[in-house]
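# Tertiary structure, described
The chain contents come next:
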Amino acid sequence: MGKVKKSTKKFNKNHLKGELERRNKFKKTKQLIKKREQKKGKKTGSSHDEQSDEEFTGIEEVDNLAEFAESSLKGAGANMDVSKFMEADPNNDGSSDASDSEDIDALLSEGDDNSDNDEMATGSDNEEPDSDDEESFKEQFESMKEKDPEFFKFMQSNDPGFLETMEEAIDEEDNGEESDDEDNEDTGKDGNDNDDVEMDDDKGADKSKSVLVTAKMLESWEKDVASKHSLRSFRRLLLAFYSASHMNSEGDSSNKMPFRIEGMTVFNKTVATAIRVAPGAFKHYAPIEGGKINRKASGKKWNVVQALVKSYLSSLLELMRQMSDVVMVQYLVKECERMIPYYGCFVRFTRDLVKELLRQFGSTSADDNVRILSLLVLRQLVSVSGTEITDMALKGIYLTYVRSSNLRNISSLTKIQLMRNCGVELYGNDANASYQHAFVYIRQLAIHLRNSMQLRSKESFRAIYNWQFINSLHFWTEVLATYCGDRADEQPEFCATLESLVYPLTQILLGVVRLVPTAKFFPLRIHCLEQLVRLSSATGVYIPILPMIIEMLESPEFLSRRPIKSTLKRPQFEALLKAPGQYDHTRVYLEVVLEHAFDLLADAFASQSVRIAFPEWSVPAVLQVKRWRKRVGQSWPKFSKQLQGLLDKVEQTSRMVQQRRGKVDFGPANLTGANQFMSDVGADETPIGAYAASLRKVRAQQRATLVEAETNDE
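To start, this report covers the structure provided alongside it. (Residues numbered from 1 in each chain as written. Predicted model: local features only at pLDDT ≥ 70, side-chain atom pairs only at ≥ 80, totals over all residues. Heavy atoms only, no water.)

## A few points about the overall build of the protein
In terms of regular secondary structure, the protein is built from 33 helices and four strands. The buried share of the protein, reckoned over its 714 residues, is 46%. Sequence separation of at least 24 residues holds for 73% of the intrachain contacts in the protein that already meet a minimum separation of 6. For the protein, the computed accessible surface area is about 36,100 Å², with 48% contributed by carbon and sulfur atoms. (Helix = DSSP H or I, 4+ residues; strand = E, 2+ residues; numbered from the N terminus. Buried < 20%, exposed > 50% of the residue type's maximum accessible area, 1.4 Å probe, protein only. Contact = heavy atoms within 4.5 Å. Areas by Shrake-Rupley, 256 points an atom, 1.4 Å probe, with all protein chains shown as cover.)

Set out below in structure tokens:
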């Protein structure tokens, strides 16, 4: 049997018990969830299993949804077989993804089984010789015991695990990293201070075994590090910083810390000194070139400061967890950004940093600056890390966004939109990883929609008609519209990878629109139609949006019943999915519906305004709008007048397209020429496009005014 490694002994001693408890707890929780699912299945399964396929009440536009929900998208085209999507893997290996519905805590703790494996990305952290047995381990600490007996005694009795972590740095220093003369100078210079510290410590031994930190000690340590690069002083400074950052940690108390911090003045000075001194000291021993540590240039010095780097990174994270002041959190996030090359050396600390950045990103108390800084640090961290960290960051930022996207009022729109934009930016780092995560989560949305369409119960509808589901759709709409449309020329590899997901996402949106096609859910329908317009205009994919807009206008609410006059406040559709009961068939509610329908008509016409078939394509919708105006236009004079102006712009655009079409020299069979038709003209440059752009600008100003007013009221 081979010899047990020291890292294994250390893990068994310090962490094995806690790891076993964590696994047992997770196992019990998993069993409990399974029992609950079985109970639910007994209640609902008997009634639904007897239903036949003929009872499915889906609509024509989403008849393919059941097929889509089980298909694989790799290499699929317009006639894709979408009957295996939900059970497919994005890599087409036939395996199923068991982490589709994991919550954020379970997801972000991914990899904790190896949390004590602090191996560097390059594998250099495992370079401990196997010949280090317990005999040599004791011999190595004899020199430290002679140099600093009080400190060694304290660490041996209170924190032996941390003392083992410092082993390599102590050994390297004593074996010649610093010259004997320099060691003597450091010892001689610090001798008086050390004697004072030891005397003070002896006097207060009954109260505490920790060494009291003073401003004079901090100044002395900083001076020695700056002038002589003294590892002894630097180590003590970092231990004092460790004590300061763990003062309020659970399971820690002041008498268990290597140093004792008393008073806010000393605390602030300790933190400020450590953060000011540490980066420069680390660069001296481990230079950074090209965003990474130059292992060849650092040589044995890296082995000297490796334990110190771990201590500093751990203290930074612990301090960030405890801070609630926004300015201080920003300062610590910026400091973490400076230390990214060092975080990238240790997988465990990189995971911890990702978790903490995601926590700050989704915190309700964090402001926009903290969220933006967290995103920037995450992007840099992903760029220097491997696939494990990339996957963790992509999963975490999406699920954090979903958990924070439960819209409560107009003022929360800004926060949700900022988080969505940040998530879209992070998904622009790795095309393959982004595709895999988008595939998994879009498939998950399709599963929920399919179940709701089959069960058709109030509970199943609630699983779809909620802000988290709608904002999830909005997130993926923005991802695809950005990388398959707005930035397709800048990042063609993203467009080629993600464009196959446009079709399934469109099918889901169409299915949500038609799931409950009643007037009280017009706000939700409008949200989905806005996303479809955005997706179609950005990617150039044709989506039949106009029929669903006309369907709202031709509902019985407008054609068959006289609206009820009301003095209710104007509803804000931006914060609504379902109309409140008191707004049922009121004139104020239907007026807002007409305004949004008018904006959608303008945007839908504008999205196709540079297509060669625009004149013929627009004819059916124009005829239906004219028929509507003739039938009920007198009841809505303001909207009828606006529609007439919209129809005039559509007619002008049709004439413009016909004039350009009369000059082409290719036939209808030339698809390449047809696709390049009017490629030199932007959609906003056509009459209907310019009109729709002006309407969007007015809507943006109105929304900004609403958000500002509600923020001031709060």
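## Some words on the pattern of salt bridges
Counted according to the given criterion, the structure contains 26 salt bridges. Here Arg23 makes a salt bridge to Glu19, at a shortest N to O gap of 3.1 Å. Taken together, the residues span about one helical turn, with Arg23 and Glu19 both in helix H2 (residues 16–49) at a distance of four residues. For Asp680, the salt bridge is made with Arg660, and the minimal N-O distance between the two is 3.0 Å. Here Asp680, found in the loop between helix H32 (671–675) and helix H33 (687–713), pairs with Arg660, found in helix H31 (residues 637–661); they are 20 residues apart in sequence, far enough to count as distant. The class for Asp680 is exposed, based on a relative accessible area of 57%. We classify Arg660 as partly exposed; its relative accessible area is 28%. (Salt bridge = Lys/Arg side-chain N within 4 Å of Asp/Glu carboxyl O.)

## Some remarks on the nonpolar core
Counting 180 residues, the largest nonpolar core has Phe234, Phe282, Tyr312, Tyr343, Trp476, Val512 and Leu601 as its most contacted members. Residue contributions to this core peak at 14 residues, all from helix H29 (residues 587–607). With near-sequence residues (within four places) excluded, Phe282 lies in contact with Phe234, Leu238, Leu308, Val309, Tyr312, Met339 and Tyr342. (Core = buried A, V, L, I, M, F, W, Y, C linked by side-chain atoms within 4.5 Å.)

## Describing the packing of aromatic side chains
Two aromatic rings are characterised by how far apart their centres lie and by the angle between their planes. Using the criterion set out here, one finds 26 aromatic pairs in the structure. An angle of 40° between the planes, with centres 4.9 Å apart, marks the rings of Tyr398 and Trp476 as tilted. Residue Tyr398 is found in helix H19 (residues 387–403), and its partner Trp476 is found in helix H23 (residues 467–486); the two are separated by 78 residues along the sequence. Following the ring pairs from residue to residue traces out a cluster consisting of Tyr398, Tyr401, Tyr427, Tyr441, Phe475 and Trp476. One Lys or Arg, Arg587, reaches over the ring of Trp636 and ends 4.3 Å from the middle of that ring. (Phe/Tyr/Trp six-rings, centres within 6.5 Å; stacked < 30°, edge-to-face > 60°. Lys NZ or Arg CZ within 6 Å of the ring centre and 35° of its normal.)

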